[in-house]
Amino acid sequence: MNTEHRIVILGAGYTGMLAAVRLARRTRRLPVHITLINPSARFTERLRMHQIAAGQELADHRIPEILAGTGVEFVQGWATSVDPEARLVTVDDDRVLPYDELVYALGSTTDTDTVPGVTEHAWTLNDPRAAHRFAGRLAAVAEQSGSVAVCGGGLTGIEAATEIAEQHPGVRVTLISPGEPGAMMGERARAYLHRALDRLGITRSTGHAVTKVLPDAVELADGTLVAADLTLWTAGVRVAPLAARAGIETDERGLIVVDRTLKSVSHPTVRAIGDAAAVRQPWGTIHGTCQSGMPTAAHTADAIAKELRGKKVRPFRFGYVHQPVSLGRRDAVIQFTKADDTPGRFHLTGRTAVLYKEIVSSSPPKVFRISKKMTVSVQFSRGGRATRTRD
Ligand SMILES: Cc1cc2nc3c(=O)[nH]c(=O)nc-3n(C[C@H](O)[C@H](O)[C@H](O)COP(=O)(O)OP(=O)(O)OC[C@H]3O[C@@H](n4cnc5c(N)ncnc54)[C@H](O)[C@@H]3O)c2cc1C
């Protein structure tokens, strides 16, 4: 390789950051220039966004500090378009960045478009500033012993509802979900979860979807109104439209369709990772989590480095290990799973589960320091096989 190989990474969330630091490490003796683009210089710990919403302060992790010494160039801004034929990315300050390879790691956000009233009257965990503002409003609601509706009975909704109820015991919290909260867990873990929801005084409203969010209530499909001084919306996800607009092949949700090595099937100079990629495995399609996203980032960094050295790249393989759910700061439940994320036989609860959850949600600089050197993923073939690689 004689000329410098230009790699642009879009998005510095969990997967974009990991891809950047690991790729820098893997290519440190090669003529490579890596650029990482993200709107904020602060790393957003999405895994802990519900803690901000409940009023807790998190550590401030600066992206340039995490990148120090790696040689990765950080560009602060929003990518506004990608031209995969000319291999150009445009940033909102009109900068145009050429690339030889693009790593697309723009993640996902909560969908606020589908249900009327969500954009106007509900809060989300999409952005730390909005989560901080929510926390301010929540404190005022708590002073008046008011009410909060948390819409969405998935892991994010459960974590948010329990965090709010623990932090503000006077607030009446209702968790609203058409299905049973925690339905993805096994029977015993689910029973533990419901005991924790009862202990924290969280009311459940199940069986009906939300049809509208009003300024002071949530309307359900059967016409019931659930009174709420504040509504937090955690149901459904959407992805940035950049890939689809650029003519890169996407699935019906807008996720980039990738091959077995995580390259775009329509544009092989584009690789997609994390929540923005539609990654198929023998057992089904991966759904967006950090647990699955981090291995896609590690695989992609390794794949780029290998290809630059003329080596063969193995297909990406992944199996889920766990569903870790915090239930406030003092309780948690971990459901261990089969590779396809269906519940396995074992689960953890209480203080051991809290400790486990904290370990898997470790501080980002620490995670990136460890994972740039070692494959943190546990990749499963049928029957389970842990794989570790060192550089
Ligand atoms: C409250 C909460 C709790 C969660 N808990 C867990 C958990 O316990 N375990 C788990 O495995 N997963 C959990 N998840 C899911 C996990 O956070 C996501 O799967 C993970 O963040 C995906 O990583 P990513 O890098 O693909 O995207 P993200 O982390 O969302 O990063 C995307 C980055 O791209 C940037 N970006 C977006 N658009 C542009 C643009 N146009 N130009 C430049 N940059 C852009 C964003 O600002 C962001 O920095 C949780 C999510 C939430 C909301």
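For the structure, check the block above.
Being a predicted model, the structure only gives us computed values, none of them experimental.

A short note on the overall build of the chain
Counting secondary structure elements, the chain contains 11 helices and 24 strands. Taking the principal axes of its C-alpha atoms as reference, the chain extends roughly 65 × 50 × 35 Å. Carbon and sulfur atoms make up 51% of the accessible area of the chain, which amounts to about 17900 Å² in all. The average position of the 49 basic charges and that of the 40 acidic charges among the side chains of the chain differ by 11 Å.

A closer look at the packing of helix 1 (residues 14-26) against helix 9 (residues 290-308)
Look at helix 1 against helix 9: their axes get within 8 Å of each other, and the N-to-C directions meet at 30°. When the axis of helix 1 is compared with that of helix 9, the two are roughly parallel. Judged by the sense of rotation from one axis to the other, the crossing of helix 1 with helix 9 is right-handed. Where helix 1 approaches helix 9, its residues Tyr14, Thr15, Leu18, Ala19, Arg22, Leu23 and Arg26 are matched on the opposing element by Cys290, Gly293, Met294, Ala297, Ala298, Ala301, Asp302, Ile304 and Ala305. Considering only residue class, the contact of helix 1 with helix 9 consists of 11 nonpolar, two polar and three charged.

A word on the site of the ligand
In the neighbourhood of the ligand, 28 residues make up the surrounding shell, with Thr15, Asn38, Arg46, Cys290 and Lys357 lying closest. At 2.8 Å from an oxygen atom of the ligand is found a main-chain nitrogen or oxygen belonging to cysteine 290. Between lysine 357 and the ligand, the recorded distance is 2.7 Å, taken from a side-chain N or O atom to an oxygen atom. For the ligand, the accessible surface in isolation is 1000 Å², of which the surrounding protein chains cover 87%. Of all the elements in the fold, those that place two or more residues in the shell around the ligand are helix 1, strand 2 (32-38), helix 6 (155-167) and helix 9.

A look at the sheet that holds strand 5 (residues 88-91)
Reading across from one edge, 4-5-6 is the order of the three strands in this open sheet, with antiparallel pairing throughout. Unpaired on one side and paired on the other, strand 4 (79-83) and strand 6 (96-98) mark the two borders of the sheet. Each strand axis lies, on average, 20° off the axis of its neighbour in the sheet, ignoring direction.

Regarding the pattern of salt bridges
The final tally for this structure, using the stated rule, is 21 salt bridges. Here glutamate 358 makes a salt bridge to arginine 48, at a shortest N to O gap of 2.9 Å. One end of the pair, glutamate 358, is in helix 10 (residues 350-360); the other, arginine 48, is in the loop between strand 2 and helix 2 (49-53), and 310 residues separate them in sequence. For arginine 48, a relative accessible area of 10% puts it in the buried group. Three or more residues are tied together by salt bridges with common partners; here these are Glu45, Arg48, Glu163, Arg329 and Glu358.

Re the nonpolar core
Nonpolar side chains tend to gather and get buried jointly when the protein is soluble and globular. If you look at the biggest cluster of nonpolar residues, it comprises 34 residues, and the most contacted ones within it are Phe134, Val150 and Ile164. Among the elements of the structure, helix 2, helix 5 (128-143), strand 9 (147-151), helix 6, strand 10 (172-177), helix 7 (187-199) and strand 15 (230-233) are those that each provide at least two residues to this core. Excluding its chain neighbours within four sequence positions, the residues that come into contact with phenylalanine 134 are Ala53, Trp123, Val148, Ile164, Leu230 and Leu232. Listed in part, the 30 residues of the second largest apolar core include Ile9, Met17, Val32 and Ile63.

Considering the packing of aromatic side chains
Each aromatic ring pair is characterised by the separation of its centres together with the angle its planes make. Under the definition given, this model contains six aromatic pairs. Pairing tyrosine 14 with phenylalanine 43 gives two aromatic rings, centres 5.1 Å apart and planes at 85°, and the pair type is edge-to-face. In this pair, tyrosine 14 sits in helix 1 while phenylalanine 43 sits in the loop between strand 2 and helix 2, placing the two residues 29 residues apart along the sequence. The pair formed by tyrosine 14 and phenylalanine 43 is uniform in burial state, with each residue classed as buried. Aromatic side chains phenylalanine 336 and tyrosine 356 sit 5.5 Å apart centroid to centroid with 90° between the ring planes, which places their arrangement in the edge-to-face category. Placement of phenylalanine 336 in strand 23 (residues 332-337) and of tyrosine 356 in helix 10 is noted, with a sequence separation of 20 residues between them. Every member of this aromatic cluster is reached through a ring pair, and the members are Trp283, Phe316, Phe318 and Tyr320.

So, the sheet that holds strand 12 (residues 210-214)
On the basis of which strands lie adjacent, the open sheet formed by three strands has the order 12-13-14 and antiparallel pairing. Strands at the two margins of the open sheet, each flanked by one partner only, are strand 12 and strand 14 (225-227). For this sheet, the mean inter-axis angle between neighbouring strands, taken without regard to orientation, is 20°. When strand 13 (residues 217-220) meets strand 14, the two strands line up antiparallel, connected through three bridges. Its bridge partner lying in strand 14, glutamate 219 is registered against leucine 225.

Regarding empty space enclosed by the protein
Think of a ball as big as a water molecule: rolled over the atoms, this probe shows where empty space is left. For the coordinates displayed, the defined rule picks out two cavities of 30 Å³ or more. What the largest cavity holds in volume is close to 60 Å³. For the lining of the largest cavity, a count of residues per class yields five nonpolar, one polar and two charged. Reported here for the second largest cavity is a volume of approximately 50 Å³. For the second largest cavity, the full set of lining residues is Leu47, Arg48, His50, Gln51, Ser326, Arg329, Lys357, Glu358 and Ser361.

Reading guide: rules and limits
Residues numbered from 1 in each chain as written. Predicted model: local features only at pLDDT ≥ 70, side-chain atom pairs only at ≥ 80, totals over all residues. Heavy atoms only, no water. Helix = DSSP H or I, 4+ residues; strand = E, 2+ residues; numbered from the N terminus. Areas by Shrake-Rupley, 256 points an atom, 1.4 Å probe, with all protein chains shown as cover. Lys, Arg positive; Asp, Glu negative; His and termini not counted. Charge placed at Lys NZ, Arg CZ, Asp CG, Glu CD. Axes fitted to C-alpha atoms, helices over the stretch in contact; angles between N-to-C directions. Parallel < 35°, antiparallel > 145°, perpendicular 65-115°, else oblique. Left-handed = near helix turned anticlockwise from the far one by under 90°. Contact = heavy atoms within 4.5 Å. Nonpolar A, V, L, I, M, F, W, Y, C, P; charged D, E, K, R; others polar. Near = heavy atom within 4 Å. Polar contact = N/O pair within 3.5 Å; in protein donor to acceptor, adjacent residues only side chain to side chain. Pairing = 2+ DSSP bridges. Salt bridge = Lys/Arg side-chain N within 4 Å of Asp/Glu carboxyl O. Buried < 20%, exposed > 50% of the residue type's maximum accessible area, 1.4 Å probe, protein only. Core = buried A, V, L, I, M, F, W, Y, C linked by side-chain atoms within 4.5 Å. Phe/Tyr/Trp six-rings, centres within 6.5 Å; stacked < 30°, edge-to-face > 60°. 1 Å grid on protein atoms, 1.4 Å probe; cavity = no way out; pocket = protein on both sides within 12 Å on 5 of 7 lines; lining within 4 Å. Points joined across faces, edges and corners; volume = space filled by probe spheres on them.

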